[in-house]
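For reference, the chains in residue letters:
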Amino acid sequence: MIERPETAVPSIARNLEGYVGFANLPNQVYRKSVKRGFEFTLMVVGESGLGKSTLINSLFLTDLYSKDYPGPSHRIKKTVQVEQSKVLIKEGGVQLTLTIVDTPGFGDAVDNSNCWQPVINYIDSKCEDFLNAESRVNRRSMPDNRVHCCLYFIAPSGHGLKPLDIEFMKRLHDKVNVIPLIAKADTLTPEECHLFKKQIMKEIQEHKIKIYEFPDVDEDEDNKLVRKIKEKMPLAVVGSNVVIEVNGKKVRGRQYPWGVAEVENGEHCDFTVLRNMLIRTHMQDLKDVTNNVHYENYRSKKLAAVTCNGVDTSKTKGQLTKSPLAQMEEERREHVMKMKKMEAEMEQVFEMKVKEKKQKLKDSEAELERRHEQMKRNLEAQYKELEEKRRVFEEEKANWEAQQRILEQQKLDASKTMEKNKKKGKIF
Amino acid sequence: MSEAVVPDAMVSPAVGGLYGEKAGGPMLDFSYVGIDAILEQMRRKAMKQGFELNIMVVGQSGLGKSTLMNTLFKSKVSRKSVLATAQEKIPKTVEIKSISHDIEEKGVRMKLTVIDTPGFGDQINNENCWQPIMKFINDQYEAYLQEEININRKKRIPDSRVHCCIYFIPPTGHCLRPLDVEFMRRLSKVVNIVPVIAKADTLTLEERDFFKKKIREELRANGIDVYPQKEFDEDAEDRMINEKIREMIPFAVVGSDQEYQVNGRRLLGRKTKWGTIEVENIAHCEFAYLRDLLIRTHMQNIKDITSSIHYEMYRVRRLNENNTMVAHANGIPEHHLTAHEM
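What counts as what
- Along each chain, residue indices are assigned from 1 in the same order as the chain's sequence is written.
- A letter from A marks each chain and a number from 1 marks each ligand, given out in the order of writing.
- Restriction of local features to residues with pLDDT of at least 70 applies here, the model being predicted, together with a cutoff of 80 or more for giving and counting side-chain atom pairs; totals for whole chains, interfaces and linings are based on all residues.
- Note that the side-chain values use all heavy atoms of the structure and ignore hydrogens as well as water.
- A helix here means a DSSP run of H or I that spans at least four residues, while a strand means a run of E at least two residues long, and both kinds are numbered starting from the N terminus.
- Throughout, exposure labels follow a simple rule: accessible area from a 1.4 Å probe, protein chains only, divided by the maximum for the residue type, with under 20% read as buried, over 50% as exposed, and the rest as partly exposed.
- In this analysis, two residues are considered to be in contact whenever any of their non-hydrogen atoms come within 4.5 Å of each other.
- Here the accessible surface of atoms and residues is derived via Shrake-Rupley with a 1.4 Å probe, and residues count as covered only by protein chains that are part of the display.
- Two rings from Phe, Tyr or Trp (for Trp, the six-membered ring) form a pair when their centres are within 6.5 Å of each other. A pair whose planes differ by under 30 degrees is stacked, one over 60 is edge-to-face, and the rest are tilted.
- Charges are assigned to positions over rings by a cutoff of 6 Å between ring centre and Lys NZ or Arg CZ, combined with an angular limit of 35 degrees from the ring normal.
- By buried area we mean the combined loss of accessible area, with a 1.4 Å probe, across both parts when two parts are placed together.
- Definition used for salt bridges: Asp or Glu carboxyl oxygen within 4 Å of a side-chain nitrogen of Lys or Arg.
- By the convention adopted, Pro, Cys, Tyr, Trp, Phe, Met, Ile, Leu, Val and Ala count as nonpolar, Lys, Arg, Asp and Glu as charged, and the other residues, Gly among them, as polar.
- Buried residues of nine kinds, namely Ala, Val, Leu, Ile, Met, Phe, Trp, Tyr and Cys, make up a nonpolar core once their side-chain atoms join them within 4.5 Å.
- Note on pairing: two strands pair once DSSP finds at least 2 bridges between them.
- Only residues whose relative accessible area exceeds 30% and that take part in no salt bridge are eligible for patches, with like-charged residues grouped when within 9 Å of each other and nonpolar side chains (Val, Leu, Ile, Met, Phe, Trp, Tyr) grouped when within 5 Å.
- Interaxial angle, 0 to 180 degrees, is taken between N-to-C directions of lines fitted to C-alpha atoms, where a helix line uses only the stretch in contact.
- For classification purposes, angles smaller than 35 degrees are called roughly parallel, those larger than 145 roughly antiparallel, those between 65 and 115 roughly perpendicular, and all remaining angles oblique.
- Working rule for handedness: look at the near helix, and if it is turned counterclockwise from the far one by less than a right angle, call the crossing left-handed; if clockwise, right-handed.
- Across the chain, each position has a pLDDT score giving the predictor's confidence in that residue, from 0 to 100.

Engineer: Explain the overall build of chain A to me, please; I cannot follow it from the model alone.
Structural biologist: Of regular secondary structure, chain A possesses nine helices and nine strands. Split into buried and exposed, the 428 residues of chain A put 34% on the buried side. Sequence-distant contacts, at least 24 apart, represent 67% of the contacts inside chain A between residues at least 6 apart. As displayed, chain A offers around 29400 Å² of accessible surface, 54% of which is attributable to carbon and sulfur atoms.

Structural data, given as structure tokens:
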């Protein structure tokens, strides 16, 4: 048993006399992370035609969905698919493996019940992969494919959330960080947008949906920024990767007959807020929340279900109720019992087999005897038949001989009389 | 050639001059019969009677149906303006709500009924959401039929049949959704459907053209005949006009009932930070075309097609049903009854 010190040693804040050098630790961490590279998985969910692909292209300034990629008009499918595409982005020496998970077909059918099920299955399967990787003996490489953030696109109706939106967010808010966005926000005037956002936040609170919350930061100035972001939720975004010239300036935006809606203009839409939040400031926080909250939820639920069943020696590592040693002891005992049971079973099976074989042999023996009897009887019958035939034959032979003798006798008699006649004739 | 005594009041001055000069007063025109004066008589009668128009709007909630109705008739005719409900809850099943208004312009009175269908396409499971709507349309035909076959008929049968159904397509920019295709397929056979792209200020001009092309292709591929239907074109002139219209459907519309100052004029529009969208400017959106089609040029045609074709089809089907029922009841074998498919 490991002895732990009973009294906690209080830590005293000290001032240093000279320069020690552990202020360099953040740099070391930084250098190591840069070498390792970062991973981020982003999921986009929404009905087709809400501009998801365009927004992804605009966010990461790459054509992940190029013009040749078959658009939704070509791929209306009957069931919801979950597709993932990986892209490696490098910027300033930092390498990011970005995985975008798309859900074509979501909410497009006439009957959309359970269209969220494939999405939930996907998220759970990624968590399970990570759980298995974590529990392995050799943990050298643990690729993190868990979904870190889910952007949910709300259609800009201007009225409120649809039943489908509410259902989906309710089911996914404790599995993944959900960030709701108002898609195609250039449809709404500023007043309509404001009303719409208020309505959505009211409905979200009504239904107790837990969307991703920005953490409060210690410093004051960052806090102001965070508060501003919170007021703007849900973010109204417009996406575009097309560069247009406006007043001599090159901007990315959408060209209408009545003006140009600029994507990166804070007054036109909240795209810059989303980009800063998602990539520049809160990416690490999203990953942390996924790891500490959502993944832990999943893990405890999964493992609790397993212990209730009792026997599962493949995944149980740390139990919630027992200490590891006792657990191992119990496991050993269980194992031994299992072996004994198996042995007994084998014996039983063996016995049964032996009995069966014996029975079979007996049966075949009896069969052989029977056949032997039958053959003997057959032979006897044949013998009798032959005897009968022989007797008949003998009788016939005797008859025939008798007849021959009679004939002979007659012949003899006939020749005797002829001789007598001849003698008589000669006398004359 | 015959001499006709034309009463003073009915001479149309434009015609009198065409038929050569006659001696004497302006009334006596020997070759003028006056049949064309019937137009004036009809006009007067129509003005006294007034017109009826029943429009149904169908589409998901939030597509701007009520706003468009208000814009079309330049007054607050939609359901939302009339019933001031505090909270807009999406109903669980499709409801049919109709509001009637009497509006007047230059002495012409019109009874406009707007039939709204809240709850269409809003649920998670939208199977059969078109059924209440079809039932409503057929009920209106049924009511008219009952009135018509009555022994003591009213002088003017109140016409509650749906003349035109405006279907709002959400501006996804890609293609029609399965729900849209299903609905239009079923309803184009019983009522005139006019599809429009709602909230068209979301699409740039190229996206709009692409979207329209895709929609037209899909409508053709699925055999959906929207108004103006090809088969009901009467002559070459009609066909020419209608072809032009058919090239442009579905109309990309933007609705607004708020006025803004643009270049010194007050116009209906939507004001955003990057510009103001003028509703009646054809460079911006096609609302003007839709309004012209529905009201200024084709209104009577729409009503005619409804009463002479859709209603007649319904009537034939219904009366044949009656015949089969009677035949079955009497044990008479039916010979040959044309059955119309739904």
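Engineer: Looking at this structure, how should I read the packing of aromatic side chains?
Structural biologist: One pair of aromatic rings is described through two measures. These are the centre distance and the angle between the planes. Inspection of every chain in the model, using the stated rule, returns twelve aromatic pairs over all chains. Judged by centre distance (6.1 Å) and plane angle (90 degrees), the ring pair of Phe 120 of chain B and Tyr 167 of chain B falls under edge-to-face. Of the two residues, Phe 120 of chain B is situated in the loop between strand E3 (108–116) and helix H5 (131–148) and Tyr 167 of chain B in strand E4 (residues 164–169); the sequence distance between them amounts to 47 residues. By the burial criterion, Phe 120 of chain B is buried, and Tyr 167 of chain B matches it. Grouped by ring-pair contacts, the aromatic residues Tyr 141, Tyr 144, Tyr 311 and Tyr 314 of chain B constitute a single cluster. Seen from the ring of Tyr 295 of chain A, Arg 146 of chain A lies directly overhead, with NZ or CZ sitting 4.6 Å from the centre.

Engineer: For this particular structure, what's the right way to read the interface of chain B and chain A?
Structural biologist: Often, the extent of an interface is quoted as the loss of accessible area upon association of its parts. Listed per partner, the contact involves 38 residues of chain B and 41 residues of chain A. Summed over the three residues of chain B that lose the most area to chain A, namely Ile 124, Lys 273 and Trp 274 of chain B, the buried surface amounts to 24% of that side. Inspection of the region where chain B meets chain A yields two salt bridges. Note that Glu 192 of chain A and Arg 270 of chain B form a salt bridge whose closest N and O atoms lie 2.8 Å from each other. When residues of the side of chain B that touches chain A are traced back to their parent elements, those giving at least two are helix H6 (178–187), helix H7 (205–221), strand E8 (265–272) and strand E9 (275–278) of chain B. In terms of residue class, the side of chain B that touches chain A is built from twelve nonpolar, 15 polar and eleven charged.

Engineer: Honestly, the nonpolar core in this entry has me stumped. Any pointers?
Structural biologist: Across soluble globular proteins, nonpolar side chains show a tendency to be buried alongside one another. Residue and element names in this part refer to chain B. Membership of the largest hydrophobic core comes to 78 residues, with the highest contact counts inside it found for Met 56, Ile 133, Ile 166, Phe 183, Met 184 and Leu 187. In terms of residue count, the dominant contributor to this core is H5 (seven residues). Among residues more than four places away in sequence, those in contact with Leu 187 are Ile 133, Met 134, Ile 137 and Ile 193.

Engineer: Looking at this structure, I do not really get the pairing of strand E1 (residues 51–58) of chain B. What am I missing?
Structural biologist: Sheet faces and side chains relate simply in a regular strand, where the side chains alternate between the two faces. Residue and element names in this part refer to chain B. With respect to burial, E1 is a largely interior element, seven of its eight residues being buried. Taken together, the seven bridges between E1 and E3 define a ladder with parallel strand orientation. In the strand pairing of E3, Val 57 is matched with Asp 116. Inspection of the sheet shows E1 paired to E4 by four bridges, in the parallel sense. Within the sheet, the bridge partner assigned to Val 58 lies in E4 and is Tyr 167.

Engineer: Sorry if this is basic, but what is going on with a nonpolar patch on the surface here?
Structural biologist: Taken together, the side chains of Val 33, Ile 35, Ile 38, Leu 39 and Met 42 of chain B make up a nonpolar region of the molecular surface, amounting to roughly 550 Å² of accessible area. Looking at where Ile 35 of chain B falls in the secondary structure, it is placed in the loop between helix H1 (13–16) and helix H2 (37–49).

Engineer: Is there a simple way to explain the packing of helix H3 (residues 117–135) of chain A against helix H4 (residues 163–172) of chain A in this structure?
Structural biologist: For any two helices packed against each other, the geometry is given by the interaxial angle and the distance between the axes. Residues and elements named next belong to chain A. Interhelical geometry of H3 versus H4 gives an angle of 20 degrees and a closest axis separation of 11 Å. Judged by the angle between their axes, H3 and H4 are roughly parallel. Judged by the twist between their axes, the crossing of H3 over H4 is right-handed. Contact residues: H3 offers Val 119, Ile 120 and Ile 123, while H4 offers Phe 168, Arg 171 and Leu 172.

Engineer: Before we go on, may I ask you to explain the sheet that holds strand E2 (residues 83–91) of chain A in this structure?
Structural biologist: As a general point, the strands of a sheet are linked pairwise by backbone hydrogen bonds and lie either parallel or antiparallel. All names here are of chain A. Read across the sheet, six strands follow the order E2-E3-E1-E4-E5-E6 without closing on themselves; strand pairing throughout is mixed. Of all the strands in the sheet, the pair left with one neighbour each is E2 and strand E6 (235–236). Taken together, the five bridges between strand E4 (residues 149–154) and strand E5 (residues 178–182) define a ladder with parallel strand orientation. Note that in E5 the partner of Ile 154 across the bridge is Ile 182. On top of the sheet, helix H5 (residues 190–206) reaches E4, E5 and E6; it is set at about 150 degrees to E5, its chief contact.

Engineer: Honestly, unusual backbone geometry in this entry has me stumped. Any pointers?
Structural biologist: With the exception of glycine, most residues fall at negative phi, and the peptide bonds are largely trans. The peptide bond linking Met 233 of chain A to Pro 234 of chain A adopts the cis configuration, its omega dihedral lying at -10 degrees. Topologically, Pro 234 of chain A is positioned in the loop between helix H6 (220–232) and E6. Positive phi values are uncommon outside glycine, yet Asn 247 of chain A reaches one of about 55 degrees. Checked against the element boundaries, Asn 247 of chain A lands in the loop between strand E7 (243–246) and strand E8 (249–256). Under the relative-accessibility criterion, Asn 247 of chain A is labelled exposed at 78%. Positive phi is not limited to glycine here, since Lys 199 of chain B has a value of about 50 degrees.

Engineer: Is there a simple way to think about the environment of Gly 107 of chain A in this case?
Structural biologist: Residues and elements named next belong to chain A. Relative to the assigned elements, Gly 107 resides in the loop between strand E3 (94–102) and H3. Note on Gly 107: relative accessible area 6%, which makes it buried. Through-space distance from the C-alpha of Gly 107 to that of Glu 47 is 5.2 Å; in sequence the pair is 60 residues apart.

Engineer: What exactly am I supposed to notice about the sheet that holds E9 of chain B here?
Structural biologist: Residue and element names in this part refer to chain B. Ordered by their spatial adjacency, three strands build an open sheet running E7-E8-E9, and the pairing between neighbours is antiparallel. Strands with a single pairing partner mark the edges of an open sheet, and in this sheet they are strand E7 (259–262) and E9. The sheet shows a mean angle of 65 degrees between the axes of neighbouring strands, taken without regard to direction. By the bridge criterion, four bridges tie E8 to E9 in an arrangement that is antiparallel. In the strand pairing of E9, Arg 270 is matched with Ile 277.

Engineer: Before we go on, may I ask you to explain the pattern of salt bridges in this structure?
Structural biologist: Pairing between side chains of opposite charge can happen when their charged atoms approach one another. Inspection of the entire model under this criterion finds 34 salt bridges over all chains. Between Arg 275 of chain A and Glu 264 of chain A there is a salt bridge, and its shortest N-O distance comes to 3.3 Å. Of the two residues, Arg 275 of chain A is situated in helix H7 (residues 271–281) and Glu 264 of chain A in the loop between strand E9 (259–262) and H7; the sequence distance between them amounts to eleven residues. Of the residues examined, Arg 275 of chain A reaches a relative accessible area of 12% and is grouped as buried. Arg 370 of chain A is paired through a salt bridge with Glu 367 of chain A; the nearest N and O atoms lie 2.9 Å apart. One end of the pair, Arg 370 of chain A, and the other, Glu 367 of chain A, are both in helix H9 (residues 324–427), three residues apart, so they sit about a helical turn from each other. Residue class for Arg 370 of chain A comes out partly exposed when judged on its relative accessible area of 47%. Salt bridges sharing common partners tie together Glu 280, Arg 291, Asp 292 and Arg 296 of chain B.

Engineer: For this particular structure, what's the right way to read the confidence of the model for chain B?
Structural biologist: The predicted coordinates ought not to be read in detail in places where the model reports low pLDDT. Residues and elements named next belong to chain B. Overall, the predicted model of chain B reaches an average pLDDT of 79, with 82% of residues at or above 70. Element-level mean pLDDT values for chain B span from 42 in H1 up to 92 in E4. Low pLDDT, under 50, characterises residues 1–25; the predicted model gives this stretch 21 contacts beyond four residues in sequence or across chains. Contacts for the low-pLDDT stretch residues 336–342, under 50 throughout, to residues beyond four places or in other chains number twelve contacts.

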